[in-house]
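Close look at the chain arrangement
Below, each chain spelled out in residue letters.
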Amino acid sequence: MSNAHQMEVNDELESMLSVKMNKKDKWHRREDALAFIRRLIDAHCLMEGITRDELLQANPHIEEKLLQSMLEARYITTHEGKCLSSLDAKTLKERKKEIEELKKIPIWNQWEAYKKHLLINKKFPQQIIDNVDADTDTLLAHLPMPKKMKEFFKIGICMGAVQSGKTLNYAGLTNKLIDVGYDIIIILSGIPSSLRNQTQTRMETDVIGIDTLTGKKIGIGMFLPNGGEVEIYTKQDSEEESGDFNLTHMRHLPVYQRKKQIVIVAKKNPHMLNALKTWLRELPFMNEQSGKLEDLSLALIDDECDNASLNIEKDASKRSSINEKITDILNLFNKRVFIGYSASPFANIYLDPDDKNSLFPNDFMYLLKTPNNYLGPVEYFGVTLKNKRIPGLPLVRETDEIDKTHFRKGETVHDWDYEMNGVNPSLAKAINSFVLSGAIRILRGQGNEHHSMMVHNSVSVKSHEILTKAIQNYIDEIKVVTKGKPLKRFWKRLLELWEQDFLVTSSQMEQIDSERFKEIIKYNNDFSFKEIQNAVIEFLNDLEDVREINGKSEDELDFHKTNKKLKVICVGGAILSRGYTIEGLACSYYMRNSLYNDTVLQAMRFAGYKGNYRDMIRVFTSKGIKQIFQETAKVVYMLSEQLSKMAEQARTPEDFGLFIETKRKSQTKPSAKIRPESSYKIDPNFSGASKDVAAFLLEDDILKKNRELTSDFIDKLGKPTKQTKHEITWNGVDTRKVIDYICQFNYSRYGRFHAPLLLRRYLEEVMTDYHSTKMFDVVIPVLSRYGKDTAYLGSSKFKVRTARRNGVVYTTEETGNGNHLILSGGRALTSRHLVYGLTEQELHELNKKYPLPKGMVHKEEQVRQFRTDRGQLVLYAYCKDFINETALAKLGVEVSYSPIGFHFNLPFCKEYEDREQLTNHIYYWNEILGGNVK
């Protein structure tokens, strides 16, 4: 039986199994599952007129392969995504119910065909298909039915994990958009032609059902009645011409008569998008007066919407070329929707929500959840949080130790001369791991599956060529060995790899996966080394020449075009690092340095679903790059948690404030595409902080509120601990009372401190997690030099002498929101007041350790040692008469109330992790400052 025939038999049996499995209950015993598989094989043999022995002789591992598919489908669990919606919960529920009612009407030709295609052709478990259905229903609920409305513009975004099935989702959404009547669907793929071609192929298979090169029916086409009612106006690239939407291509299109709906797959290139815009403007349905295609509806799906689609011009009055073309196309329609997809929408969340051209997702943000068998950044590299550690899987190998005997101090793989020295030790070990895993997959019955390796050292095309030759030379040497040449060293290394790495890691993964899936998971490794040697020889016979994948190489890597399952190593850079799907990726050698989380995340082509070879996945990288992967995994995890939490709180995208948190000295940044003016860098660490409030918005009602708030706060403190001619003090005040006061206070944005909500989060965290700063000393100084007026605070009428301070006024013309007064450069504290609040014993010990000459005061760090773990809050009132006579005289305005200010200082909390946050506008104003900052 030929390899092609074997593959055909395997596909037929897997399709039969997929259909049968989804119509029966789950099997709870391995023996029952195996018995069912054998009955299935007997039925197939009867239909084909062959014996069981003949089939098993040609496909010796088919029972094992079908059994593993069956058991894997049993333990997969899925979860519907989380949505931040502009719709309230009631409306969203009603919209989804309307869609359910619509599904009773026979209009869903595309969607029904897609479900069958996923089940029978792609062998997806039913729970995955149901999950795609639920997710796309939620997305569709946010998009108007085009025949019911005359005008709309909706913008949303789907965030999904890298290599987790975003294309599966937007193919499903595209089919539903066709069913509900959208006229034109444009799918923007990546920038390279290879990515557009990959997306084109997927759309032909999953939406159109016709191969545009051969005209043959494929994929979903097997289940579409009458061959489908949709046309695709782009094609796969051929050797002769590009299939993209360019001006030449445009001139050969038939005149669009609106008899069929249209799908177009275009890459993000200004020339292609300009051609598309020109074609749309020339359609006969264009209203020349309005410049709009008023009756046509457009759905624009932007794959990798964080890449090239955003306006990254530093000058806010200008727009990036591709962003301008995309928004121009959208604005040709009265009825249009934009849905972006990305695994790394870090830059998108910093867009201006008030600017439609920015493509900020005002209408929805949807977080696609991954099934429990997904391997992604968190699974590979783990995440360390303040109160828990999610360990990474034992699949990552650090190269530094392997290479250290061949590298001089300070050298890396980028210093290695591949042309002269061939492959370095760690790359050789990675290739050996790839070959060994390919052999084991053959023995496990997975020999007729794609099996690949990615080598990504640099974006330099020249380096790709040299590296490709070095790897090919190494592979050629191995092939010579396996053909009988006496070189025991290779087999010895492979045996060591098998015994010391693969068997150990498989055992660890069995334990981890059994706990993860709540099933007893066993990876079949019951093979003699002789069997492994024979499988290695078989694998190497099938191994393709090494492919060089970049913009200049003629090598291609299309897993969908070939009739055989590829065994291949590919070398590349930029193309392999974003959007490119490498089927059966079992081993990755990644050495490219990048400082941006989105770039690093997109380069994780090794993420995805690995089925029954999860235990054999290997990622080789340096210790330094592994750390960058870990930091990126944490960013992704925390962003996902934020989205989930806000969705549960029923927050809308316009409420949506986001921050990305990293270590202060982190090597990485979220994205190079974030415009500085659209984000704020925040230091959330108040450990040892000393802050002042001595700036005010000059409005009497605000000054009055602050005074009343302070009086109420003093009343809650009760009787003072100490009342002398120098100070009125309350010791041991519960920090939560101080937090309430500070968060209700009204601030000027021009003050030294105006981030009460940020301070609250810090204090709540250190109190809860580290039992720090649970109490404050609250102090009102009794001033020796003071102003004419006196402030009386609290029901006990504490007499507060007001401080005379010079100030500067920022006028309404300068601020845009009223007159602001800044006293003493924003500083509230008088240094000698730092010791106020200390007990007599603490003060004695301070003076004993740090005796002072007359007229000198203690430094803050000296005082802090004796206040130990308490904070200090010093309250001040400022002389309104002095302010009116000096700072406000020229303005011709006066204040009626003495402004209240304060100083606080905090103890150090060494346990608090040093970090920084990059926030968007909404988060900064709503979650850092709060509504009391003007």
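Rules of the game
- Residues numbered from 1 in each chain as written.
- Predicted model: local features only at pLDDT ≥ 70, side-chain atom pairs only at ≥ 80, totals over all residues.
- Heavy atoms only, no water.
- Helix = DSSP H or I, 4+ residues; strand = E, 2+ residues; numbered from the N terminus.
- Buried < 20%, exposed > 50% of the residue type's maximum accessible area, 1.4 Å probe, protein only.
- Contact = heavy atoms within 4.5 Å.
- Areas by Shrake-Rupley, 256 points an atom, 1.4 Å probe, with all protein chains shown as cover.
- Lys, Arg positive; Asp, Glu negative; His and termini not counted.
- Charge placed at Lys NZ, Arg CZ, Asp CG, Glu CD.
- Pairing = 2+ DSSP bridges.
- Axes fitted to C-alpha atoms, helices over the stretch in contact; angles between N-to-C directions.
- Phe/Tyr/Trp six-rings, centres within 6.5 Å; stacked < 30°, edge-to-face > 60°.
- Lys NZ or Arg CZ within 6 Å of the ring centre and 35° of its normal.
- Expected span 1.5 Å × (residues − 1).
- Arc of directions from axis to C-beta.
- Salt bridge = Lys/Arg side-chain N within 4 Å of Asp/Glu carboxyl O.
- Bend = angle between axes of the 7 residues up to and from the residue.
- Core = buried A, V, L, I, M, F, W, Y, C linked by side-chain atoms within 4.5 Å.

The name an unreviewed UniProt entry assigns to the protein is Z1 domain-containing protein, from the organism Lederbergia citri.

A few points about the overall build of the protein
Looking only at helices and strands, the protein features 29 helices and 32 strands. If one aligns the C-alpha atoms of the protein with their principal axes, the spans along those axes are about 110 × 75 × 55 Å. Looking at the 934 residues of the protein, the share that counts as buried comes to 58%. Long-range pairs, those at least 24 residues apart, make up 79% of the contacts in the protein between residues at least 6 apart in sequence. Summed over all atoms, the accessible surface of the protein reaches about 41,000 Å², with 48% contributed by carbon and sulfur. Counting 134 positive and 127 negative side-chain charges, the protein places the centres of these two groups 5 Å from one another.

Regarding the sheet that holds strand β22 (residues 695-697)
Read across the sheet, three strands follow the order β22-β29-β28 without closing on themselves; strand pairing throughout is antiparallel. Sheet topology places β22 and β28 (807-810) at the edges, where each strand pairs with a single neighbour. Going across the sheet, the axis of each strand differs from the next one's by a mean of 20°, ignoring polarity.

Brief notes about the sheet that holds strand β25 (residues 775-781)
Across a sheet, paired strands are connected by hydrogen bonds in the backbone, their directions being either parallel or antiparallel. Taken together, six strands build an open sheet; the order of strands is β21-β31-β30-β25-β24-β23 and the sheet is mixed. The open sheet has two free edges, formed respectively by β21 (690-693) and β23 (722-723), since each of these has just one partner strand. For β21 and strand β31 (residues 900-905), the ladder comprises four bridges, and the chain directions are antiparallel. Across the sheet, Lys-691 pairs through a bridge with Phe-904, a residue of β31.

Considerations on the packing of aromatic side chains
Counted according to the given criterion, the structure contains 36 aromatic pairs. Measuring from ring centre to ring centre gives 5.8 Å for Phe-606 and Phe-629, while their planes differ by 80°; the resulting arrangement is edge-to-face. Placement of Phe-606 in the loop between α20 (597-602) and β17 (608-609) and of Phe-629 in helix α21 (residues 623-648) is noted, with a sequence separation of 23 residues between them. With a centroid separation of 4.9 Å and 70° between ring planes, the pair formed by Tyr-762 and Tyr-912 is classed as edge-to-face. Of this pair, Tyr-762 sits in helix α24 (residues 756-770) while Tyr-912 sits in the loop between β31 and β32 (915-920), and the two are 150 residues apart along the sequence. Classification of Tyr-912 as buried rests on a relative accessible area of 7%. By the ring-pair criterion, three or more aromatic residues cluster together here, those being Phe-686, Phe-713, Tyr-741, Phe-745, Tyr-747, Phe-753, Tyr-762, Phe-902, Phe-904 and Tyr-912. A cation over a ring is seen here: Arg-441 above Tyr-613, with NZ or CZ 3.7 Å from the ring centre. For Arg-805, the ring lying beneath its charged end belongs to Tyr-876, and the centroid distance is 5.9 Å.

Considering helix α19 (residues 529-542)
Given a rise of 1.5 Å per residue, 14 residues ought to cover 20 Å, and the 20 Å separating the end C-alpha atoms of α19 matches this to within 8%. For α19, every residue scored as buried is listed here: Phe-529, Ile-532, Gln-533, Ala-535, Val-536, Phe-539 and Leu-540. The buried side chains of α19 occupy one side of the element, clustering within an arc of 165° when seen end-on. In α19, the exposed positions angled more than 90 degrees off the buried face are occupied by Lys-530 and Asn-541.

As for the environment of Leu-253
As for its placement among the helices and strands, Leu-253 is situated in the loop between α10 (247-251) and β5 (261-266). Considered as a pair, Leu-253 and Arg-614 are 361 residues apart in the sequence and their alpha carbons are 47 Å apart. With near-sequence residues (within four places) excluded, Leu-253 lies in contact with Tyr-233, Phe-245 and Trp-279.

Focus on the side chain of Lys-325
The residue Lys-325 is located in helix α12 (residues 321-330) in this model. No salt bridge forms around the buried Lys-325; measuring N to O, its nearest opposite-charge neighbour Glu-324 is 4.6 Å away. In contact with Lys-325, not counting residues within four places along its chain, are Pro-270, Leu-273 and Asn-274.

Quick word on helix α18 (residues 488-517)
The end-to-end C-alpha distance of α18 is 41 Å, a good match for the 44 Å that 30 residues give at a rise of 1.5 Å each. At Trp-498, α18 shows its strongest bend, of approximately 35°. Phi for Lys-518, located one or two positions after α18, is positive at around 55°.

Looking at the nonpolar core
Core analysis: the biggest nonpolar cluster contains 111 residues, and Leu-427, Ile-431, Met-453, Ile-471 and Tyr-589 have the highest contact counts within it. It is helix α16 (residues 425-443) that contributes the most residues to this core, 11 residues altogether. Non-local contacts of Ile-471, meaning those with residues more than four positions away in its chain, are made with Val-423, Leu-427, Ile-431, Val-455, Val-546, Ile-569 and Val-571. With 50 residues, the next largest nonpolar core counts Ile-728, Ile-739, Ala-755 and Leu-873 among its residues.

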